[in-house]
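This is what each chain is made of:
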Amino acid sequence: MKVTVGLGSNLGDSHGLLKRAAEAVLAQDPTARFSSLYRTAPQGGPPQPDYLNAVVQWETDWDLPTLWAFCRGLEAEAGRVRTVRFGPRTLDVDILCYGRHLTEKPPVILPHPRMKDRRFVLEPLTEIDPECRVPPDDTPVLTLLRRVLNQEVQRLPPWEVFPRNTGRSSNS
Ligand SMILES: Nc1ncnc2c1ncn2[C@@H]1O[C@H](COP(=O)(O)OP(=O)(O)OP(=O)(O)O)[C@@H](O)[C@H]1O
Ligand SMILES: Nc1nc2c(c(=O)[nH]1)N=C(CO)CN2
């Protein structure tokens with residue numbers, strides 16, 4: 001099953017926290033594909049610092065509860081404390097898609113209910129999987145991205161942790 005996960009951080013050592021999360025994903029699948037890091041303007045919530053965001057895809061045979069527990073574990077390791085909704089956080093790990101699986105049953109809604117409105121998700125996703133179509137109606141990610149180009153994101157230079165594993169060109 002192909003899984004797509006969004007990573008975000010705007011509290012603490014965001015770069016280091018994302019790097020550690022990325023290493024945990026790579027320990028599961030050394031061929032995991034990572035987008036670049038993006039510096040992104042906060043969407044919603046109280047006034048807060050810019051985020052660093054990225055998207056990663058990998059193949060897994062985990063069931064959804066196991067993937068969910070893994071993602072929650074990454075947040076816990078980063079010392080995530082839940083306070084304000086959409087507020088600043090050390091690490092946010094959102095399951096965006098789990099194959100073409102659809103569910104509205106908590107704790108995981110799939111596809112992620114807000115991914116289609118978020119350039120900080122769609123732009124890195126386009127970078128690693130430009131042919132991606134988002135269920136349930138299979139809208140091309142590029143179509144979704146075109147609708148949110150007013151949101152501010154800035155692609156950063158390749159992460160030094162993944163010199164051979166950043167972006168599409170090194171994985172296609
Ligand atoms: N696909 C999903 N991935 C991650 N969390 C999800 C998903 N669908 C629903 N949730 C639920 O969202 C709840 C709130 O998560 P969290 O505190 O990370 O929200 P948030 O980061 O403020 O907002 P957002 O979910 O929009 O990124 C979680 O407890 C979880 O049950
Ligand atoms: N730019 C940006 N904005 C956000 C983000 C995020 O990861 N990046 N996450 C949020 C809640 O999940 C709310 N707003």
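Going by an unreviewed UniProt entry, the chain carries the name 2-amino-4-hydroxy-6-hydroxymethyldihydropteridine diphosphokinase and comes from Sulfobacillus acidophilus. Turning to the chain, the UniProt record has this under Pathway (unreviewed entry): "Cofactor biosynthesis; tetrahydrofolate biosynthesis; 2-amino-4-hydroxy-6-hydroxymethyl-7,8-dihydropteridine diphosphate from 7,8-dihydroneopterin triphosphate: step 4/4."

*Asks:* Which parts of the structure should I look at to understand the packing of aromatic side chains?
*Replies:* Aromatic ring pairs are reported here in terms of the distance separating the ring centres and the angle at which the planes meet. Following the criterion strictly, the structure yields 2 aromatic pairs and no others. Aromatic side chains Trp58 and Phe70 sit 6.2 Å apart centroid to centroid with 70° between the ring planes, which places their arrangement in the edge-to-face category. Here Trp58 is found in strand S4 (residues 51-59), whereas its partner Phe70 is found in helix H2 (residues 64-77), with 12 residues between them in sequence. Considered together, Trp58 and Phe70 belong to a single accessibility category, that of buried residues. On the basis of relative accessibility, which here comes to 15%, the residue Phe70 falls in the buried class.

*Asks:* What's the story with the site of ligand 2 in this structure? I'm lost.
*Replies:* Thr40, Ala41, Pro42, Gln43, Tyr51, Asn53, Phe86, Arg89, Asp92, Arg118 and Phe120 make up every residue found near ligand 2. Contact distances for ligand 2 include 2.9 Å between an oxygen atom and a side-chain N or O atom of Asn53. Take Asp92: an N or O atom from its side chain is 3.0 Å from an oxygen atom of ligand 2. When isolated, ligand 2 has an accessible area of 330 Å², and the protein chains bury 95% of it. In terms of residue class, the shell around ligand 2 is made up of 5 nonpolar, 3 polar and 3 charged.

*Asks:* How should the state of the cysteines be read in this particular structure?
*Replies:* One covalent bond between the sulfur atoms of two cysteine residues makes up a disulfide. Using the criterion set out here, one finds 0 disulfides in the structure. Between Cys71, a cysteine without a disulfide, and Cys97, which holds the nearest cysteine sulfur, the sulfur-to-sulfur distance is 13 Å. Take Cys71: its relative accessible area is 2%, and that puts it in the buried class. Looking at the unpaired Cys97, the closest cysteine sulfur is the one in Cys132, lying at 5.8 Å. Assessed through its relative accessible area of 7%, Cys97 is described here as buried.

*Asks:* Where do I start with H2 in this structure?
*Replies:* Note that an α-helix has 3.6 residues per turn; residues three or four places apart therefore point the same way. Taking 1.5 Å as the rise per residue, H2 with 14 residues should run 20 Å; its terminal C-alpha atoms sit 20 Å apart, in good agreement. Among all positions in H2, only Leu64, Leu67, Phe70, Cys71, Leu74 and Glu75 are buried. In an axial view of H2, the angular spread of the buried residues amounts to 140°, which keeps them on one side of the axis. Opposite the buried face of H2, at more than 90 degrees from it, the exposed residues are Pro65, Ala76 and Glu77. In this structure, the buried side of H2 is in contact with strand S1 (2-9), helix H1 (14-28), S4 and strand S5 (92-98). At the C-terminal side of H2, Gly79 shows a positive phi close to 70°.

Parameters and conventions
Per chain, residues are indexed from 1 in the order of the written sequence. A letter from A marks each chain and a number from 1 marks each ligand, given out in the order of writing. Only residues with pLDDT of 70 or above have their local features reported here, since the model is predicted, and side-chain atom pairs are shown and tallied only from 80 upward, although totals for entire chains, interfaces and linings are computed over all residues. Side-chain metrics rest on all non-hydrogen atoms present in the structure, leaving aside hydrogens and water. UniProt positions are given in the numbering used here, feature names are shortened, and annotations may be inferred rather than shown by experiment. Any two rings among Phe, Tyr and Trp, with Trp reduced to its six-membered ring, count as a pair given centres within 6.5 Å; such a pair is stacked if its planes are under 30 degrees apart, edge-to-face if over 60, and tilted if neither. Only runs of H or I of at least four residues qualify as helices and only runs of E of at least two qualify as strands under DSSP, and these elements are numbered from the N terminus. Three labels apply to residues, based on accessible area from a 1.4 Å probe with only protein chains included: buried if under 20% of the type maximum, exposed if over 50%, partly exposed otherwise in between. Any residue with at least one heavy atom within 4 Å of a molecule or strand is counted as near it. In protein, a polar contact means a hydrogen-donor-capable atom and an acceptor-capable atom, both N or O and within 3.5 Å, with residues adjacent in sequence counting only if both atoms are side-chain atoms; elsewhere, any N or O pair within 3.5 Å suffices. Residue exposure ignores everything except the shown protein chains as possible cover, and the areas themselves are Shrake-Rupley values with a 1.4 Å probe. Note on residue categories: nonpolar means Ala, Val, Leu, Ile, Met, Phe, Trp, Tyr, Cys or Pro, charged means Asp, Glu, Lys or Arg, and polar means any other residue, Gly included. Two cysteine sulfurs form what is called a disulfide whenever their separation falls within 2.5 Å. One less than the number of residues in a helix, times 1.5 Å, gives the span that helix is expected to have. Directions from the helix axis toward the C-beta atoms define the arc. Contacts were defined at the residue level, with two residues in contact if any of their heavy atoms lie within 4.5 Å.

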